[in-house]
Amino acid sequence: MNDHSEQGILNQSMEKAKYYPYTGGVVLGIETSCDETGIALYHGQRGLLAHTVYSQTELHSRYGGVVPELASRDHVRKTLPLIHALLDEAGLPASAIGGVAYTVGPGLVGALLVGAAVGRSLAWAWQVPAIGVHHMEGHLLAPMLEDNPPRLPFVALLVSGGHTLLVQVAEIGHYRILGESVDDAVGEAFDKAAKLLGLGYPGGPALARLAEQGDPQRFHFPRPMTDRPGLDFSFSGLKTHTLNTRQAIGASPQNDADIARAFEEAVVDTLLIKCRRALRHTGYRGLIISGGVGANRRLRARLSAMGAAEAIDVYYPRPVWCTDNGAMIAYAGYRRLLAGQQDEPIIQARPRWSLEELPAI
Ligand code: KG4
Ligand code: ZN
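Q: Please explain the site of ligand 1 as it appears in this structure.
A: Inspection of the region around ligand 1 gives 17 residues, with G161, D191, G292, N296 and D324 positioned closest. D191 is positioned with one of its side-chain polar atoms (N or O) 2.6 Å from an oxygen atom of ligand 1. Coverage of ligand 1 by the protein amounts to 87% of the 550 Å² it exposes when considered alone. Within the residue set of the shell around ligand 1, elements represented by two or more residues are α5 (135–141), α6 (186–196) and α7 (203–211). No other element matches α6, which puts three residues into the shell around ligand 1. The residue makeup of the shell around ligand 1, split by class, is four nonpolar, eleven polar and two charged.

Q: Looking at this structure, I do not really get the coordination of the zinc ion (ligand 2). What am I missing?
A: Angles between donor atoms at a metal ideally measure 109.5 degrees for a four-coordinate tetrahedral arrangement and either 90 or 180 degrees for a six-coordinate octahedral one. Listed as protein donors to the zinc ion (ligand 2) are H135 (NE2), H139 (NE2) and D324 (OD); their distances from the metal cover 2.0 to 2.1 Å. In the primary structure, the donors to the zinc ion (ligand 2) are separated according to the pattern H-x3-H-x184-D. Here H135 pairs with H139, and both are found in helix α5, just four residues apart, close to one helical turn. The buried category is assigned to H135, whose relative accessible area is 6%. With a relative accessible area of 0%, H139 lands in the buried category.

Q: Just checking my understanding: could you explain helix α4 (residues 109–126) for this structure?
A: If you check α4, its first and last C-alpha atoms are 25 Å apart, about what 18 residues at 1.5 Å a residue would give, namely 26 Å. For α4, the set of buried residues is A111, L112, V114, G115, A116, V118, G119, R120, L122 and A123. The secondary structure elements touched by the buried residues of α4 are β1 (26–31), α3 (68–90), β4 (97–105) and β5 (130–134). Positive phi appears at Q127, one or two residues downstream of α4, with a value of about 55 degrees.

Q: Mind showing me how you'd approach the sheet that holds strand β6 (residues 154–159) here?
A: Within a sheet, neighbouring strands are paired by backbone hydrogen bonds and run either parallel or antiparallel to one another. If you trace the five strands from one edge of the open sheet to the other, you get β8-β7-β6-β9-β10, paired in mixed fashion. Both edges of this open sheet fall to β8 (174–180) and β10 (313–315), since each of them pairs with a single strand only. Between one strand axis and the next, the sheet turns through 25 degrees on average, direction left out of account. Lying on the sheet, helix α9 (residues 253–282) is in contact with β6, β7 (164–171), β8 and β9 (286–290); it crosses β6 at an angle near 155 degrees.

Q: Is there a simple way to think about helix α12 (residues 326–338) in this case?
A: Counted at 1.5 Å a residue, the expected span for α12 with its 13 residues is 18 Å, and the 18 Å between its end C-alpha atoms agrees. Most of α12 is tucked away, with eleven of its 13 residues classed as buried. Considered for burial, the residues of α12 that qualify are G326, A327, M328, I329, A330, Y331, A332, G333, Y334, R336 and L337. You can read the cap of α12 off the contacts: a side-chain oxygen lies 3.0 Å from the backbone nitrogen of A327, and it is on N325. Residue G340 follows α12 closely and has a positive phi angle near 90 degrees.

Q: Any chance you could explain the sheet that holds β4 here in plain terms?
A: Here five strands make up an open sheet; going across it, the order is β3-β2-β1-β4-β5 and the pairing mixed. In the strand order of this sheet, the two ends are held by β3 (47–55) and β5, each with one partner. Neighbour to neighbour, the strand axes of the sheet diverge by 20 degrees on average, direction disregarded. Packing against the sheet, α3 makes contact with β1, β2 (36–43), β3 and β4, and its axis sits at approximately 30 degrees to β2.

Q: For this particular structure, what's the right way to read the packing of aromatic side chains?
A: The relation between two aromatic rings is expressed through the spacing of the ring centres and the mutual angle of the planes. All chains considered together, the criterion is met by seven aromatic pairs. Between the aromatic rings of Y42 and Y331, the centroid separation amounts to 5.3 Å while the plane-to-plane angle is 85 degrees, which identifies the pairing as edge-to-face. Here Y42 is found in strand β2, whereas its partner Y331 is found in helix α12, with 289 residues between them in sequence. Classification of Y42 as buried rests on a relative accessible area of 10%. With relative accessibility at 6%, the residue Y331 sits in the buried group. Note on F190 and F263: the rings are 5.3 Å apart at their centroids and 85 degrees apart in plane angle, and the pair reads as edge-to-face. Remark: F263 occurs in helix α9 and F190 occurs in helix α6; sequence separation between them is 73 residues.

Q: What am I meant to see in the packing of α6 against helix α8 (residues 236–249) here?
A: Each pair of packed helices can be summarised by the angle the axes make with each other and by the distance between the axes. Contact pair α6 / α8: the axes reach a minimum separation of 9 Å and the direction vectors enclose 15 degrees. Between α6 and α8, the angle is such that the two are roughly parallel. Crossing of α6 over α8 shows right-handed handedness. Mapping the contact onto sequence places K192, A193 and L196 in α6 and K239, T242, L243 and R246 in α8.

Q: Where do I start with the nonpolar core in this structure?
A: As a rule of thumb, soluble globular proteins bury nonpolar side chains together. Grouped together as the largest cluster of nonpolar side chains are 58 residues, with contacts concentrated most on L28, L41, L140, L158, V167, Y175 and L355. For L158, the contacting residues outside a window of four places in its chain are M136, H139, L140, H163, T164, L165, V167, I288, S290 and L355. By size, the runner-up hydrophobic cluster in this structure holds 41 residues, among which are L178, V268, C275 and I289.

Conventions we followed
- Residues numbered from 1 in each chain as written.
- Chains lettered and ligands numbered in written order.
- Predicted model: local features only at pLDDT ≥ 70, side-chain atom pairs only at ≥ 80, totals over all residues.
- Heavy atoms only, no water.
- Near = heavy atom within 4 Å.
- Polar contact = N/O pair within 3.5 Å; in protein donor to acceptor, adjacent residues only side chain to side chain.
- Areas by Shrake-Rupley, 256 points an atom, 1.4 Å probe, with all protein chains shown as cover.
- Helix = DSSP H or I, 4+ residues; strand = E, 2+ residues; numbered from the N terminus.
- Nonpolar A, V, L, I, M, F, W, Y, C, P; charged D, E, K, R; others polar.
- Donors = N, O, S within 2.8 Å, 3.2 Å for Na, K, Ca; no water.
- Buried < 20%, exposed > 50% of the residue type's maximum accessible area, 1.4 Å probe, protein only.
- Expected span 1.5 Å × (residues − 1).
- Contact = heavy atoms within 4.5 Å.
- Pairing = 2+ DSSP bridges.
- Axes fitted to C-alpha atoms, helices over the stretch in contact; angles between N-to-C directions.
- Phe/Tyr/Trp six-rings, centres within 6.5 Å; stacked < 30°, edge-to-face > 60°.
- Parallel < 35°, antiparallel > 145°, perpendicular 65-115°, else oblique.
- Left-handed = near helix turned anticlockwise from the far one by under 90°.
- Core = buried A, V, L, I, M, F, W, Y, C linked by side-chain atoms within 4.5 Å.

So, in structure tokens, the structure goes:
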């Protein structure tokens, strides 16, 4: 019931002023959950207008991994200038922005807060709605940016530095986690194995490059948790296996390449076995792969071959949209803004947040 007292009317109008409807227009996407500052401009009819990613790799490489405080500070330095530069590049005035989307979680809390503070404040100043996006929903929707978007329903294999998830996607916004890693995420396992082989940070792409020179027949690493039913993963044992093998045979360029190849084969095979299981379990005939490790060439080739042999439609975004980027956040935000969703005008981060908690679209 409406309160017609002076205070009541004031409260109601303040409440209303907190929210602005999404009336179309370009969505600005901001990704700052880890060590990449990703910015993008997405329009419902015209698609992706512009995007840019600034990687902090160089900043963290001398420490062998991401230093959270340095990551936050660099996002503070980069986010606003990158937004200005991207608007200039696209030839758009700020008034073209109809909504702002930023990654609100999961991720590093300080890094997330930078994107949330910048995104929320710009939306407030521009009087447009803002929405906090789930980073893994961004990865999950990234294949939708491609010309041949996946058809629903599908199984999603999301493989990043922080997560390994098999998700049943009946519709956008409605996610059921079928399996996840009980220890290291697959990207983390790549990074740690790479470190053991003396490769720099980030290790995943470096290990994959080294594996190209390796002999696939020389070592056979275990395929963890494939000998029992279920869709969960465990990758920390492969790291130990990497270390033990290297200690046993000694380091040399060829030994290291052979170990890298055995590691990569084991990871790819394990992911493939579990994807196949998830497809059988759901009866779905579509599979999408996304997240940083989704850029791995051997994984893409093996899953595509499985799809061709078993009449499964396999989709993955181009490599730059597998790794962290602003485009996927702009797109996920656009879908939710279009559905009438938006966030309160408060600046918050959700460093731990399950995909299953998301509201339907
Ligand atoms: O999705 P992402 O960019 O960031 C997170 O959300 O974590 O994923 C980064 C992870 C890192 O662990 C990186 O080593 C791994 O993805 N990665 C790869 C490849 N490219 C990136 N792993 C294996 N092969 C690659 N080509
Ligand atoms: Zn990611």
